[in-house]
Amino acid sequence: MRLFSLLFLCVLLYGANSQILCSQAYEELNLLRQRAGMIALKKDPRLVKAAQAHAAYLVHNNFAPTHYESPKYPLFTGVWPWDRAVYAGYRSRVVSENLSALKPNAKKAIDDLMGALYHRILFLDFSIDSIGIGTAASGHYSYKSLVVFDMGDSKLEALCTKDWRITGSYNYDLCAQRTKKIPLHAVQEAKNQIAKSNPQILLWPPKNARAVPPVFYEEEPDPLPQYGVSGYPVSIQFNPYYFKPKDIVLMDLRLFRGDTAVPAIVMDSTSDPNHRLPAMTYALFAKKRLAWNTTYRVEAKFRIRGKMRSLSWHFSTASLPYPYYTICSERATVHLRPHRKYVLYFPPKDAFDTIHSIAARRPASVRLFTSFIDFNTLIVQADGAVGQEATVRLSDGKSVHLILSGYDEATTP
């Protein structure tokens, strides 16, 4: 209890912004799940304790985001997420965890996790119904915010409170008491209770989704190691309550922009290089990042229990927030009106063309503000007198000469 009192003190020290972030994260995640037709996740106070404990551990010890903890460091509560959940009073070890750092708000944190295939699958697990979210913020490790999501199955957790007379097949290592045996049929029934309330087929992005990010970079582990930048992944998941792996055969999965098929890589549980995708889960990555403010169509064909079935739906990518320049050359010159924000978009020239840092040359009388939308897209604002100039140099060798003018040639979003 003394440790959790200390963790509570950490929450107080991180302030009200952390609590606001936490509340926004619950709302945003459930909003996205409900758009996909899934049940909302309920807050479990023990999972909240476990998630908050891990957030405090990472920030206090100035560690990079990781699911692992070492007992050698302060605020340790368990090596892995399920260990920390058990320490917090949760009676099941079937716990999954997502975490996000360096994001300015809850929506951005969750959008980024939903754009990372393996992390998305955890959020869209058919058999979870409970969640705890922990947050922290600190100057350590340059955290703008850190959000930890711990997820579980309340029906399965309840099985760990019962005494079972085992007469057939059983599972163990599911409960806080690792040796506790639970009948196999009871485990499956618990999973089914939640899964049957979720859709038979889960599509992401959902039908008619808007403002979908156009790009996927990397995650750990990386499902697409041969690409440093590619298109936002599309996924199709079949609910194991309604289907068995032998029921489903993928015949075709393609992405279209208008009538043109987009070159893409299709992946399932057998071709996933990291073996993280569950059975009956299919993903498509466009080989190039998607365009801003563009509608795409997904076309899929499956043989389901011997019968052909087609799936087709649309989604639209996000629009840029300010007038923008698309810059395809190594050296470019653009005109900006003072005191206005613009976007500089650099379409990647190859599978690893990204920008990770920028440097500027400017006179003292020019104020220059820059920020990243993503690793190919910058926001820039220059304040100064008309006729003054500045130069932005990018980590990939490109440079942009900025001229403050009474006009601009940017495209209106």
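Look up: the structure comes first, before these words.
Residues numbered from 1 in each chain as written. Predicted model: local features only at pLDDT ≥ 70, side-chain atom pairs only at ≥ 80, totals over all residues. Heavy atoms only, no water.

Draft legend 1. Fine view of a nonpolar patch on the surface. A cluster of nonpolar residues, Tyr68, Trp80 and Trp82, forms a patch on the protein surface that exposes about 290 Å² of accessible area. Structurally, Trp80 can be placed in the loop between α3 (45-60) and α4 (81-87). On the basis of relative accessibility, which here comes to 36%, the residue Trp80 falls in the partly exposed class. (Patch = residues over 30% accessible without salt bridge, like charges linked within 9 Å, V, L, I, M, F, W, Y side chains within 5 Å. Areas by Shrake-Rupley, 256 points an atom, 1.4 Å probe, with all protein chains shown as cover. Salt bridge = Lys/Arg side-chain N within 4 Å of Asp/Glu carboxyl O. Helix = DSSP H or I, 4+ residues; strand = E, 2+ residues; numbered from the N terminus. Buried < 20%, exposed > 50% of the residue type's maximum accessible area, 1.4 Å probe, protein only.)

Draft legend 2. The side chain of Asp396, seen in detail. Looking at where Asp396 falls in the secondary structure, it is placed in the loop between β24 (389-394) and β25 (399-404). Among the polar contacts made by the side chain of Asp396, one reaches the side chain of Lys398 at a distance of 2.6 Å. For Asp396, the contacting residues outside a window of four places in its chain are Asp353, Thr354 and Ile355. (Polar contact = N/O pair within 3.5 Å; in protein donor to acceptor, adjacent residues only side chain to side chain. Contact = heavy atoms within 4.5 Å.)

Draft legend 3. Structural context of helix α8 (residues 184-195). Relative to the 16 Å expected for 12 residues at 1.5 Å per residue, α8 spans 17 Å between its end C-alpha atoms, a close match to the ideal helical length. Every buried residue belonging to α8 is among Ala186, Val187, Ala190, Ile194 and Ala195, and all of these are buried. In this fold, the buried residues of α8 make contact with α7 (154-159), β5 (170-171) and β6 (182-183). (Expected span 1.5 Å × (residues − 1).)

Draft legend 4. Just unusual backbone geometry, in detail. Residue Pro205 is reached from Trp204 by a cis peptide bond, and omega for that bond is -5°. Its place among the elements puts Pro205 in the loop between β7 (201-204) and β8 (209-212). The amide bond that connects Glu220 to the next residue, Pro221, takes the cis arrangement and shows omega of -5°. Following the sequence through the fold, Pro221 ends up in the loop between β9 (215-216) and β10 (230-231). In the Ramachandran plot, Met280 falls in the positive-phi region, its phi being about 65° despite a non-glycine side chain. For Met280, a relative accessible area of 7% gives the class buried.

Draft legend 5. Quick peek at the layout of surface pockets. In this structure, the second largest pocket occupies an estimated 410 Å³ of space. Lining the second largest pocket we find 20 residues, and of these Lys288, Arg289, Leu290, Ala291 and Tyr345 sit closest to its centre. For the lining of the second largest pocket, a count of residues per class yields 13 nonpolar, one polar and six charged. (1 Å grid on protein atoms, 1.4 Å probe; cavity = no way out; pocket = protein on both sides within 12 Å on 5 of 7 lines; lining within 4 Å. Points joined across faces, edges and corners; volume = space filled by probe spheres on them. Nonpolar A, V, L, I, M, F, W, Y, C, P; charged D, E, K, R; others polar.)

Draft legend 6. A look at the state of the cysteines. Counted by the stated rule, this structure contains one disulfide. One disulfide in the model links Cys160 with Cys175; its S-S distance is 2.1 Å. On the sign convention where negative is left-handed, the bridge of Cys160 and Cys175, at about -80° about the S-S bond, is left-handed. Placement of the pair is Cys160 in the loop between α7 and β5 and Cys175 in the loop between β5 and β6, with a sequence separation of 15 residues. Considered together, Cys160 and Cys175 belong to a single accessibility category, that of buried residues. (Disulfide = S-S within 2.5 Å.)

Draft legend 7. Just the packing of aromatic side chains, in detail. On inspection of all chains with the given rule, the structure shows 16 aromatic pairs. Between the aromatic rings of Phe238 and Tyr282, the centroid separation amounts to 6.1 Å while the plane-to-plane angle is 90°, which identifies the pairing as edge-to-face. With Phe238 in strand β11 (residues 234-238) and Tyr282 in strand β15 (residues 281-286), the pair connects residues that are 44 residues apart, well separated along the chain. On the accessibility criterion, Phe238 (2% relative accessible area) is buried. Measuring from ring centre to ring centre gives 4.8 Å for Tyr241 and Tyr242, while their planes differ by 90°; the resulting arrangement is edge-to-face. Classification of Tyr241 by relative accessible area gives partly exposed; the value is 37%. The structure contains a cluster of three or more aromatic residues connected by ring pairs, namely Phe238, Phe243, Tyr282 and Phe302. Note that Arg297 overlies the ring of Phe256, its terminal NZ or CZ placed 4.5 Å from the centroid. (Phe/Tyr/Trp six-rings, centres within 6.5 Å; stacked < 30°, edge-to-face > 60°. Lys NZ or Arg CZ within 6 Å of the ring centre and 35° of its normal.)

Draft legend 8. Geometry of the pairing of strand β22 (residues 367-374). Pairing analysis gives seven bridges linking β22 to strand β23 (residues 377-383), with the strands arranged antiparallel. Note on β23: the bridge partner recorded for Leu368 is Ala382. Hairpin remark: β22 followed by β23, antiparallel, with two residues in the connecting loop. (Pairing = 2+ DSSP bridges.)

Draft legend 9. Region of interest: the nonpolar core. Counting 52 residues, the largest nonpolar core has Phe149, Ile236, Phe238, Leu255, Phe302 and Phe315 as the members making the most contacts within it. Sort the elements by how many residues they give to this core and helix α2 (residues 16-35) lands first, with six residues. Discounting chain neighbours no more than four positions away, the residues touching Leu255 are Thr260, Ala261, Val262, Leu284, Ala286, Leu290, Tyr296, Arg297, Val298 and Phe315. (Core = buried A, V, L, I, M, F, W, Y, C linked by side-chain atoms within 4.5 Å.)

Draft legend 10. Structural view of the pairing of β25. Most of β25 sits out of view: five of its six residues are buried. Summarising the sheet, β24 and β25 pair through five bridges and their orientation is antiparallel. Directly across from Arg393, in β25, lies its bridge partner Ser399.

Draft legend 11. Just the pattern of salt bridges, in detail. A complete count under the given rule lists 19 salt bridges for this structure. With its nearest N and O atoms 3.6 Å apart, the salt bridge here joins Asp83 to Arg178. Here the residue Asp83 occupies a position in helix α4, and Arg178 occupies one in the loop between β5 and β6, the gap between them amounting to 95 residues. The class of Asp83 is buried, set by a relative accessible area of 18%. For Arg178, a relative accessible area of 38% puts it in the partly exposed group. As a salt-bridge pair, Asp112 and Lys108 come within 3.3 Å of each other at their nearest N and O atoms. One end of the pair, Asp112, and the other, Lys108, are both in helix α5 (residues 106-114), four residues apart, so they sit about a helical turn from each other. In the salt-bridge network here, residues are joined through shared partners; they are Asp44, Arg46, Arg91 and Glu157.

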